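Here is what each chain is made of, one letter per residue.
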Amino acid sequence: MDWIIKIGGSLFPEKAIELCEAIITLNDSLKSPKKIVFICGGGMFANKIRNYNQDIHFSDTANHKSAILCMDIIGTLLADKVKGLESVKSTDMIDLILKQGKLPLLNPSSIIESHDVLEHSWRVTSDSIAMYIADLLKAKLLIATDVDGIYTHDPCQDGAKLIKFISAKKLLNFGETSVDEFLPELLLRYKSNCYVVNGKYPERVISIIEGKSSKYTLIGGI
């Protein structure tokens, strides 16, 4: 597999649809299409669970499983709106969808529940799950979110600068960023890298896929 593209829930629905359509159009134009698998974040659905948890305090396992099901919900809805995209529940289905000339969108709840290797906490979100799947499929990871990448500090504050490259080891102690807390640990464990890019600009994502320069943050775990 070439790429796992994790589409942040913050991009759903309109920007997520636009991004998927742009990538499918690109892939259809290539003589040798890329093997790309999409995974969605849980978006507002998962955030709602997190908000409920602040008052009701569900178990870590209940939160974990429910938030992952939110990824399935958004993935199912997104695939319904994008021609050439098809949602699947297992890695066994990926090659079949690719052979049909479509791109698969993986709803990960069944895989994560059967393997269950990630900790049950809010430190683990769709970013870490996408990294786990990327390692499973031996693919590169691109995280498309609603900001340009990782900044020196909160981009809403004056003087914040986009970081072009940051090591996963340094990111461990970086505090809250646009990716989840557990991701740098996985990058180090798997000796892998990932891109963080603003999915509101499909051309930036496409540039990375094509190996061209773009505006992003590269997190290095190698």
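Check the entry above for the structure.
Residues numbered from 1 in each chain as written. Predicted model: local features only at pLDDT ≥ 70, side-chain atom pairs only at ≥ 80, totals over all residues. Heavy atoms only, no water.

*Asks:* Report on the packing of helix 1 (residues 14-29) against helix 9 (residues 202-209), specifying residues and quantitative values.
*Replies:* Here helix 1 crosses helix 9 at 40°, and the two axes come no closer than 9 Å. The orientation of helix 1 with respect to helix 9, classified from their angle, is oblique. Remark: the crossing between helix 1 and helix 9 carries right-handed chirality. In this structure, helix 1 uses Glu18, Leu19, Ala22, Ile23 and Leu26 to contact helix 9, whose residues at the interface are Pro202, Val205, Ile206 and Ile209. Looking at side-chain class alone, the contact of helix 1 with helix 9 contains eight nonpolar, no polar and one charged residues. (Axes fitted to C-alpha atoms, helices over the stretch in contact; angles between N-to-C directions. Helix = DSSP H or I, 4+ residues; strand = E, 2+ residues; numbered from the N terminus. Parallel < 35°, antiparallel > 145°, perpendicular 65-115°, else oblique. Left-handed = near helix turned anticlockwise from the far one by under 90°. Contact = heavy atoms within 4.5 Å. Nonpolar A, V, L, I, M, F, W, Y, C, P; charged D, E, K, R; others polar.)

*Asks:* Residues and numbers for the packing of helix 6 (residues 126-137) against helix 8 (residues 183-190), please.
*Replies:* At a minimum axis separation of 9 Å, helix 6 and helix 8 run at an interaxial angle of 15°. Here helix 6 lies roughly parallel to helix 8, going by the angle between them. The element helix 6 and its partner helix 8 pack so that their crossing is right-handed. Where helix 6 abuts helix 8, its residues Asp127, Ser128, Met131, Tyr132 and Asp135 lie against Leu183, Leu186, Leu187 and Tyr190. For the contact of helix 6 with helix 8, the per-class residue count stands at six nonpolar, one polar and two charged.

*Asks:* Before we move on, could you go through the environment of Ser109 and cite the residues and values that matter?
*Replies:* Topologically, Ser109 is positioned in helix 5 (residues 109-115). Residue Ser109 is classed as buried on the basis of its relative accessible area, which comes to 14%. Once the C-alpha coordinates of Ser109 and Met71 are considered, the two residues, 38 residues apart in sequence, prove to be 7.8 Å apart. Non-local contacts of Ser109, meaning those with residues more than four positions away in its chain, are made with Ile68, Leu69 and Asp72. (Buried < 20%, exposed > 50% of the residue type's maximum accessible area, 1.4 Å probe, protein only.)

*Asks:* Can you tell me about the nonpolar core, naming the residues and giving the values?
*Replies:* Side chains of a nonpolar character, in soluble globular proteins, are inclined to be buried together. Core analysis: the biggest nonpolar cluster contains 68 residues, and Ile4, Phe38, Leu78, Leu85 and Ile219 have the highest contact counts within it. Excluding anything up to four places from it in sequence, Leu85 contacts Cys20, Ile24, Phe38, Leu78, Ala79, Leu103, Pro104 and Leu105. (Core = buried A, V, L, I, M, F, W, Y, C linked by side-chain atoms within 4.5 Å.)

*Asks:* Quick rundown of helix 8? Include the residues and the values.
*Replies:* Burial in helix 8 covers these residues: Leu183, Pro184, Leu186, Leu187 and Tyr190. Buried residues of helix 8, viewed axially, fall in a sector of 160°; they line one side. Tucked inside the fold, the buried residues of helix 8 contact helix 6, strand 5 (140-145), helix 7 (168-171), strand 7 (193-198) and strand 8 (217-220). The first or second residue beyond helix 8 is Lys191, which carries a positive phi of 50°. (Arc of directions from axis to C-beta.)

*Asks:* Please provide a residue-by-residue account of unusual backbone geometry, values included.
*Replies:* With an omega dihedral of 5°, the bond running from Phe12 to Pro13 counts as a cis peptide bond. Mapped onto the elements, Pro13 comes out in the loop between strand 1 (3-7) and helix 1. Of note, the phi angle at His57 is positive, near 60°, even though the residue is not glycine. Among the secondary structure elements, His57 is positioned in the loop between helix 2 (43-56) and helix 3 (60-81). Accessibility expressed as a relative area gives 60% for His57, which makes it exposed. Phi is positive for Asp116, close to 50°, though the residue is something other than glycine. Tracing the backbone shows Asp116 in the loop between helix 5 and helix 6. Judged by relative accessible area, which is 42%, Asp116 ranks as partly exposed.

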